[in-house]
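Chain by chain, the residues run as shown.
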Amino acid sequence: MDKEEAIQKLKEIVKPYVKNEEALKNINENTDFINDLNINSANLVDVILDVEEVFDIEIDADSMEKMRDVKSALAVIEEKLAAK
């Protein structure tokens, strides 16, 4: 899976939780889930659970802490997929 595919999957995952539709349209590696998309921290946990399900991976607490923006989330997803 290439980076664009992963970003599109991530976009679909975060869509129900996003409060800033405009930022979602322009989602890219530098998009911050909390500051740009206005996803609250409780919903961020839901996003991570959805990421686990969609990508069929397990995300530990340390990795979860890193997933604050798209680039970090993609790095964690890549790392977990590679470790499978």
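Quick notes on the rules
Residues numbered from 1 in each chain as written. Predicted model: local features only at pLDDT ≥ 70, side-chain atom pairs only at ≥ 80, totals over all residues. Heavy atoms only, no water. Helix = DSSP H or I, 4+ residues; strand = E, 2+ residues; numbered from the N terminus. Contact = heavy atoms within 4.5 Å. Core = buried A, V, L, I, M, F, W, Y, C linked by side-chain atoms within 4.5 Å. Buried < 20%, exposed > 50% of the residue type's maximum accessible area, 1.4 Å probe, protein only. Axes fitted to C-alpha atoms, helices over the stretch in contact; angles between N-to-C directions. Parallel < 35°, antiparallel > 145°, perpendicular 65-115°, else oblique. Nonpolar A, V, L, I, M, F, W, Y, C, P; charged D, E, K, R; others polar.

A short note on the side chain of Ser-63
Turning to step 1, where the next piece is worked out: When you line up the elements, Ser-63 lands in helix α4 (residues 61-66).
Turning to step 2, where the next piece is worked out: If near-sequence neighbours (up to four positions away) are discounted, Ser-63 is found in contact with Val-76 and Lys-80.

Looking at the nonpolar core
Nonpolar side chains tend toward joint burial in soluble globular proteins.
Turning to step 1, where the next piece is worked out: Membership of the largest hydrophobic core comes to 26 residues, with the highest contact counts inside it found for Leu-10, Val-14, Phe-33, Leu-37, Ile-39 and Val-51.
Turning to step 2, where the next piece is worked out: Among the secondary structure elements, those contributing two or more residues to this core are α1 (3-14), α2 (21-25), α3 (41-55) and α5 (70-82).
Turning to step 3, where the next piece is worked out: The contacts of Phe-33, once residues within four sequence positions are left out, are Leu-10, Val-14, Asn-38, Ile-39, Leu-44, Met-67, Arg-68, Asp-69, Val-70 and Ala-73.

Considerations on the packing of α1 against α5
Turning to step 1, where the next piece is worked out: Running from amino to carboxyl end, α1 crosses α5 at an angle of 110°, the nearest separation of the two axes being 11 Å. Considering their axes alone, α1 and α5 lie roughly perpendicular with respect to each other. Here α1 contributes Lys-3, Ala-6, Ile-7 and Leu-10 to the contact with α5, which in turn contributes Val-70, Ala-73, Leu-74 and Ile-77.
Turning to step 2, where the next piece is worked out: Taken together, the residues of the contact of α1 with α5 sort by class into seven nonpolar, no polar and one charged.

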